[in-house]
Every structure is written in C-alpha cells, then in structure tokens.
Number of protein chains: 2
Amino acid sequence: MATGRTHRPATRSRGIPEATVARLPLYLRALTALSERSVPTVSSEELATAAGVNSAKLRKDFSYLGSYGTRGVGYDVEYLVYQISRELGLTQDWPVAIVGIGNLGAALANYGGFASRGFRVAALIDADPAMAGTPVAGIAVQHTDDLDRIISDNGVSIGVITTPPGAAQQVCDRLVAAGVTSILNFAPTVLSVPEGVDVRKVDLSIELQILAFHEQRKAGEDSAAEDEGAPPMRATPASRKGPDGDMPAVMPA
Amino acid sequence: MATGRTHRPATRSRGIPEATVARLPLYLRALTALSERSVPTVSSEELATAAGVNSAKLRKDFSYLGSYGTRGVGYDVEYLVYQISRELGLTQDWPVAIVGIGNLGAALANYGGFASRGFRVAALIDADPAMAGTPVAGIAVQHTDDLDRIISDNGVSIGVITTPPGAAQQVCDRLVAAGVTSILNFAPTVLSVPEGVDVRKVDLSIELQILAFHEQRKAGEDSAAEDEGAPPMRATPASRKGPDGDMPAVMPA
DNA sequence: ATGTCTTTGTGAACGCGTGCACAAAGATAG
DNA sequence: CTATCTTTGTGCACGCGTTCACAAAGACAT
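In the annotation of UniProt, chain A is listed under the name Redox-sensing transcriptional repressor Rex and assigned to Streptomyces griseus subsp. griseus. The UniProt entry for chain A carries the following comment under Function: "Modulates transcription in response to changes in cellular NADH/NAD(+) redox state." Within the UniProt record for chain A, the comment given under Subcellular location is "Cytoplasm".

A.B. asks: Now, about the pattern of salt bridges: what can you tell me, with residues and values included?
C.D. replies: In total, this model carries 16 salt bridges over all chains according to the counting rule given. Linking R149 of chain B and D146 of chain B is a salt bridge whose minimum nitrogen-to-oxygen distance equals 3.8 Å. Classification of D146 of chain B by relative accessible area gives partly exposed; the value is 31%. Salt bridges sharing common partners tie together D146, R149 and D153 of chain A.

A.B. asks: A description of the pairing of strand β9 (residues 182–185) of chain A should follow, citing residues and the corresponding values.
C.D. replies: Residue and element names in this part refer to chain A. Of the two faces of β9, the one lined by S182 and L184 and the one lined by I183 and N185 are each fully buried. Bridge analysis of strand β8 (residues 158–161) against β9 gives 4 bridges, and the strand direction is parallel. Across the sheet, G159 pairs through a bridge with I183, a residue of β9. Handedness of the β-α-β unit built from β8, helix α8 (residues 165–178) and β9 comes out right-handed. Judged from the 4 bridges that link them, β9 and strand β10 (residues 198–201) form a sheet pairing that is parallel. Among the inter-strand pairings, I183 is bridged to a residue of β10, identified as V199.

A.B. asks: Just give me the short version of the packing of aromatic side chains, but keep the residues and values in it.
C.D. replies: This structure, assessed with the given rule, holds 8 aromatic pairs over all chains. Considering the side-chain rings of F62 of chain A and Y75 of chain A, the 5.1 Å spacing of their centres and the 80 degrees angle between planes classify their relative orientation as edge-to-face. Of the two residues, F62 of chain A sits in helix α3 (residues 55–65) while Y75 of chain A sits in strand β3 (residues 74–76), which places them 13 residues apart along the sequence. There is no split in this pair, since F62 of chain A and Y75 of chain A are both buried. Ring centres of Y27 of chain B and F62 of chain B lie 5.2 Å apart, and the angle between their planes is 80 degrees; on these two criteria the pair is classed as edge-to-face. In this pair, Y27 of chain B sits in helix α1 (residues 18–36) while F62 of chain B sits in helix α3 (residues 55–65), placing the two residues 35 residues apart along the sequence.

A.B. asks: Give me the lowdown on the protein's contact with DNA strand C, citing residues and values where you can.
C.D. replies: Inspection of the region around DNA strand C gives 26 residues, with S44 and Y75 of chain A together with K57, K60 and R71 of chain B positioned closest. Taking the atoms of DNA strand C that fall within 4 Å of the protein, sugar and phosphate contribute 65% of them. Between a base oxygen of DNA strand C and a side-chain N or O atom of K60 of chain B, the distance comes to 2.7 Å. Listing elements by their share of the surface near DNA strand C, those giving two or more residues are α3, β2 (69–70) and β3 of chain A together with α1 and α3 of chain B. Of the residues forming the surface near DNA strand C, the biggest block, 4 residues, is contributed by α3 of chain B.

A.B. asks: Provide a residue-level description of the sheet that holds strand β1 (residues 41–42) of chain A, including the pertinent values.
C.D. replies: All names here are of chain A. Across the sheet, which stays open at both edges, the 3 strands sit in the order β1-β3-β2 with antiparallel pairing between neighbours. Each having just a single partner strand, β1 and β2 make up the two edges of the open sheet. Inspection of the sheet shows β1 paired to β3 by 2 bridges, in the antiparallel sense. Directly across from V42, in β3, lies its bridge partner Y75.

Rules behind the numbers
In this numbering scheme, every chain counts its residues from 1 along its sequence in written order. Chains carry letters and ligands carry numbers; both start at the beginning, A for chains and 1 for ligands, and go up in the order they are written. This being a predicted model, a pLDDT of at least 70 is required before a residue's local features are given, and a value of 80 or more before pairs of side-chain atoms are given or counted; all residues contribute to the totals for chains, interfaces and linings. Hydrogens and waters are ignored; side-chain quantities use all the structure's heavy atoms. UniProt positions are given in the numbering used here, feature names are shortened, and annotations may be inferred rather than shown by experiment. We define a salt bridge as a side-chain nitrogen of Lys or Arg found within 4 Å of a carboxyl oxygen belonging to Asp or Glu. Note on exposure labels: buried denotes an accessible area under 20% of the residue type's maximum, exposed denotes more than 50%, and partly exposed covers the range between, all computed with a 1.4 Å probe on protein chains only. Helix numbering and strand numbering both begin at the N terminus, where a helix is a DSSP run of H or I of at least 4 residues and a strand a DSSP run of E of at least 2. The pairing criterion is simple: DSSP has to find at least two bridges between the two strands. The handedness rule is simple: strands pointing away from the viewer, and a clockwise path from the first strand over the helix to the second, make the crossover right-handed. Note on ring pairs: Phe, Tyr and Trp rings are taken, using the six-membered ring of Trp, and paired if centres are within 6.5 Å. Classes follow the plane angle, with under 30 degrees stacked, over 60 edge-to-face and the rest tilted. Proximity is defined per residue: any heavy atom of the residue falling within 4 Å of a molecule or strand makes that residue near it. Polar contacts, as counted here, are pairs of nitrogen or oxygen atoms within 3.5 Å of one another; within protein the pair requires one atom able to donate a hydrogen and one able to accept it, and residues that are adjacent in sequence qualify only if both atoms are side-chain atoms.

Here is the structure:
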C-alpha cells in the first residue's frame, strides 16, 4: 500500500481547513442540544447563532463536509450530528491516558466532558510511588515506570500531560516512544516532538495574560500616563556594557 | 512605516496584532528562564527556538513593541522582560475571582501559574451553600448571593467561570453586571456578553475532539472503507438518545 | 405546472498572519 | 577611520480565513 489516496471523495476529508475543524465541535454541541429537544431541522442562521458564529462561515464550513443541507429548509439535525461525529472520529472509542495526577490531572480525570464524547480515561499515571494504587475518579493511579506497557496494553494514542513543567518533555518523549501520536499539553512548556505527532497546548496563565493585556488597554484608555511608577527595571548583570548604558534609555517619561 | 520616531514605545497598544499578543506570554516565559540563568542578551534566533516559533516572526512581533534590540548583538534579556511585562499589563496586580468551585475550580485555585505572574486569586465563589466558608487553597469559599459585593470590594475585573454549563450564562451576566470586563470561560457554553467585555474560552473536550480528528486521519489513511458500517439514515424519528449529552461538565451544582 | 419564497452553497474580494530575503545599523577588529 | 561581520527591522509576496452577496435549488401554495 503506497500513498493510496485514490479512493477518497477527494472533495471531502481531503482538505478541511484547520479553522473549520476547530469549529466542528462547537456545531456538534449546539446540534446535540437541539437533538435532545427533538428539533428536526435547523437553518444555518439559527445554528450559527447558537454556536456563536457567522452564518456564512457556518455554511462554508459545512460545505467542506458535503452538501448536507436542503435549500429552503435547512439542515437535518440528526443527520448532521452523525456526519460531524463521524468526521471528527467520535464514532469510535478513544482511550486516553493522563500523566501527572495533581490537582489538575485529577480534575480532568473527573471531568464529565470527556466521557460524554467518546473519550475514555483509560489510565492515570503519576511519578509519585505513594500515589500508585490510589483510586482517582474510580481509576487506580499507576506508576510512571509502567508507562510504556500501560500505553501499549490499552492502545492509547492520545495522551494528556498535566505534570509540572520540568517533567513535561521527558514524559512527552516517553509517551511518543510508547506509541502516542496526539498530545494535549497543560504544562507551560514548549514540547518538541517528531514529525507526525500532534500537540495542542492549553495554557491557563497565557489566557489570563492575554486578558490582562486587553484589560489594561481598556482601563488605560484615558489614564495612559500613570503607569509610570514602576522602576524602569534594574540594570541587570549588565555584562559587557559600559556606563554608556544600553539600558532603558526609552521609558516613556 | 514608522517615520523612525523611536522614542515613544512605538504605537502603543493601538496596533499590536492579536496573534502577536498571544505570543508575548510565550516569549516572556522563555525570557524569564534566561533571566534566571543570568543570561544577559539573546538573539532572535535563540529566543525563537526557545519559544518554539520562527525567528522572523519573533522579530516582527517585537517590532510592534518598538526597537528594543541591538543589531549585531541581540536583545537585552532583562530589558525585554520588563517591556513585555509592561505591555501585557503584568506590572500591576490583577485580582481574579473564580466562580464554580468544583474539581476544576479548585485545581485552578491551587494552580501556581497564576500567582507567579501577577494574578492573585482574590475570591472563590460557589452556589452551594454547604461550601460557604470551606477553605480551598487557603481561601474561604463565598456564596453566590454575595457575588456582586465580592467583585466590587476586591476590585475584580477578571473573572474565571468553572461552573456547570447550565449556570455559566447566568454567572456571566452577574459578573458583568458587577463590573467584570474580562472573562475566562471553562464551561462548554457560548457566552453572550455586551460590547466591551472580552471572553476567552478554554474548552477541554473541544481540544480532544480536534486531536481525534487528526488522529483518525492518521490512522485511517489506508483503512478508509469501514465508515460504511453505521447507517446514517436521514430524517430519523429521534431514536438516538444516548449518553451524548454534555451535561456533566465540571461539577454538579 | 407554474410561481413565489426561503435558504443553501459558493465565487470573489478583502484582510490578516506568515515567512523570505535583504538592506540598514551597529559592534568589533585592525 | 575603515573594513568586516553579525543581527536586527521590515518591505514584499503568498496563502489562509472571513465575509459579502447572489444565483441555484428546492419546498410549498395555488
């Protein structure tokens, strides 16, 4: 089997934009809610509102999947739920392993949003020997030493890293070596992985920093001249720089 | 363009691209690490590698902040740390309130990454009366009834929502009414907020679904002939009622 | 069957973000 | 002071994503 690609509709699955893929779960959630209320069909306008996006964008997104709508009517909710689920690969079971069972790791293990979408927490792994055997969310924590075997035995291809930053890369390497090809990283670390392995990162403090930026902008709209109280910042070890100063020099003063 | 003024910290927050803002925390983290190792200067190439981005992108990002580098040498680490911190608004203290103290809320309250960057958990709020007074991460949980006063008293402008999806919008409305203008939402809900309020969402299950999509693609590259097994069938009498709901999210309320 | 009305699907224009490639700036050596 | 070498700052081109606007498709009524 070479680079076989002749049997795929080509129009589909071939080129779904990344931005679209990122929105599919959003649509799926909105559609699931409609489904539970037994709503048979929905227009792009309604669904877009429910998902918090533009209707034109939604239609274009769906167009990448195929022509699943009916002009003059809208989209069949159940049908679309199935199509999107299939496209996202949610019709199959995905065993997931969480490495690093601290506060966050334990919270994720208990998180209902995972199990409800075809993701099954297959294993919890931690480096602390004292935790081995301790049940978290009904699952016994296992020790890092057995990581390789645990991943293999459970056929895990998606790993979640919730370790301290210092251990993240090492854990990542071991996960990859064991066969994991998708990683969700919560540790504030830049992971380097070989070709073919996907990494998505969720960084809580970065999100807050982005909010702080906008918050500062909103607040400092008028009082843009009072954040001057902070020291320009130390002169640092200023290695090879003479008194000439390569320092602040600027500082809005 | 920049008519070569070079004195004012460049175009203030006016024209910093959103994509750049999102990367500044990344640079800051890498720079902080260098600073702790007392590295005086760093080139765009080195820093880019450490931050996991392209060096041209990094230089362009920094150019939006101003001309803080020295040609032939690189960037002064300490100076850059200060400039980015200031730009992000991290030179001031940001009191944060977390609403919804379930597993995830508690984990965030304990998360060290917040405090280390100028973010201070000023209040923990939950709707469960039984939790009122209970200390979490050294802070007593307060009841939702006092939300308004708590936000005002602490001057909170950034709120974190970790409630079940059903309560998210209501909590959001109350936070906004109380004066919060930035929200970090962990609930799998589309929040609608008035103009001027920023919302960033962190959706754990969406991240996994995106990974699953790519995972499926990688795995199904050759075996693309078994997706015919499940009958999609249109216009269904709503027979599927499974566990597909996304009700249990963070914690029962 | 024909006409009207609704809603999809998409061509095309636009804007943002990315990366290349290079001239300008400054350090450093002679 | 001049030459050389390093690294920044950025003009430019390209590609992706978003949005508009509308023709085509189909439902529904007459």
